[in-house]
Amino acid sequence: VIIRTPFPFPRFISIWSYNKLEYLDSILNGFGITFQPVNILFCFMGVFLGTMIGVLPGIGPSGTISILLPLTFKISPVTSIILLSGIYYGAQYGGSTTSILVNIPGEASSVVTCLDGYQMARKGRAGPALGIAAFGSFIAGTFSVIGLMFLSQPLSKFALLFGPPEYFSLIVLGITFITYLAQKSMAKALITACFGFLLSFVGMDMITGKSRYTFGIPILSDGVGILPLVMGLFGVAEVFKNLDALETRTVFKTKLRGLLPTRQDWKDSGRPIVRGTLLG
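Not measured: the values here are computed from a predicted model.

**Some details on the packing of aromatic side chains**
Applying the stated rule across the entire model yields six aromatic pairs. Centroid distance Phe44 to Phe48: 6.4 Å. Interplanar angle 20 degrees. Geometry classified as stacked. Highlighted residues: Phe44 and Phe48, both in helix H2 (residues 37–54), separated by four residues, approximately one helical turn. Of the residues examined, Phe44 reaches a relative accessible area of 56% and is grouped as exposed. Taken together, the ring pairs connect Phe158, Phe162 and Tyr167 into an aromatic cluster.

**Points about H2**
Over its 18 residues, H2 runs 25 Å from end to end, which matches the ideal 26 Å to within 8%, given 1.5 Å per residue. For H2, the complete set of buried residues consists of Asn39, Phe42, Gly46, Gly50, Ile53 and Gly54. When H2 is viewed along its axis, its buried side chains cluster within an angular range of 90 degrees and face the same direction. Residues Pro37 and Phe44 are exposed on H2 and point more than 90 degrees away from its buried face.

**Topic: the nonpolar core**
Counting six residues, the largest nonpolar core consists of Ile100, Ala121, Ala126, Ala129, Leu130 and Ala133. Among the elements that line this core, the one with the most residues is helix H6 (residues 126–160), at four residues. With five residues, the next largest nonpolar core counts Phe42, Leu68, Leu83 and Ile87 among its residues.

**Looking at H6**
Along its 35 residues, H6 runs just 43 Å from first to last C-alpha, ending more than 12% under the 51 Å computed at 1.5 Å per residue. The largest bend along H6 measures about 70 degrees and falls at Leu151, with the proline Pro154 one to four residues further on. Among the residues of H6, those classed as buried are Ala126, Gly127, Pro128, Ala129, Leu130, Gly131, Ile132, Ala133, Gly136, Ala140, Gly141 and Pro154. Packed against the buried residues of H6 are helix H4 (77–102), helix H5 (113–122) and helix H10 (263–279).

About the thresholds
- Residues numbered from 1 in each chain as written.
- Predicted model: local features only at pLDDT ≥ 70, side-chain atom pairs only at ≥ 80, totals over all residues.
- Heavy atoms only, no water.
- Phe/Tyr/Trp six-rings, centres within 6.5 Å; stacked < 30°, edge-to-face > 60°.
- Helix = DSSP H or I, 4+ residues; strand = E, 2+ residues; numbered from the N terminus.
- Buried < 20%, exposed > 50% of the residue type's maximum accessible area, 1.4 Å probe, protein only.
- Expected span 1.5 Å × (residues − 1).
- Arc of directions from axis to C-beta.
- Core = buried A, V, L, I, M, F, W, Y, C linked by side-chain atoms within 4.5 Å.
- Bend = angle between axes of the 7 residues up to and from the residue.
- Contact = heavy atoms within 4.5 Å.

Nothing here speaks to function; it is geometry throughout.
So this is what it looks like as structure tokens:
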């Protein structure tokens, strides 16, 4: 199958150029290894530990894997990869727990969960919010892994076609989205875009290798991290908002019950799950 890329220059990529029978045989062999009881046990352990540590804000999947990496020193390479994969998926879901309960994203991909999940928790529906987040993550993650198994080779060829013109077009597209979404105040949208550009300048220049706007702080050599940025944007802002309010405060309490989503929850969340699965 020959597919032409949607770029303004004639480039072609060849897809499915490998032996399909050999490829399917490798997949079946992988399933046979994965479903061994010892590997399933280590996968469960990885998901359990990853979820526990992923609940802590600021650590994220990469930090969780770094902390638990010594667990893989005495086991086989295949089992180690399965364990680390379970830790990664568990940490990814664990970040949504803090997003829903305390409005602080555990890692960058849980930022959007704060918008609706925390509001559901304030209405006493923290259980269904956590449940639908778990089911949505499982459905999207499963389809993504299956899609990646069959599309990894053509996607890698497609990614290699990206150069400076394509990245520049993506940046222009991002700025266009900012101006489109901020229909009420264009000045605020442009100020936000300029502030984002200033943050992107911090770090080491990829062309010259010189540090820019690091002010002698070594940790800024890699630029401003997205995780501290979103935690400050959501978590610290929530703290300042509560400190600024002068009215009498009451401690917000809720019980985690009804983790299984109802039929209405599935009806309301079905389309967003499908849309998020395809986009992801």
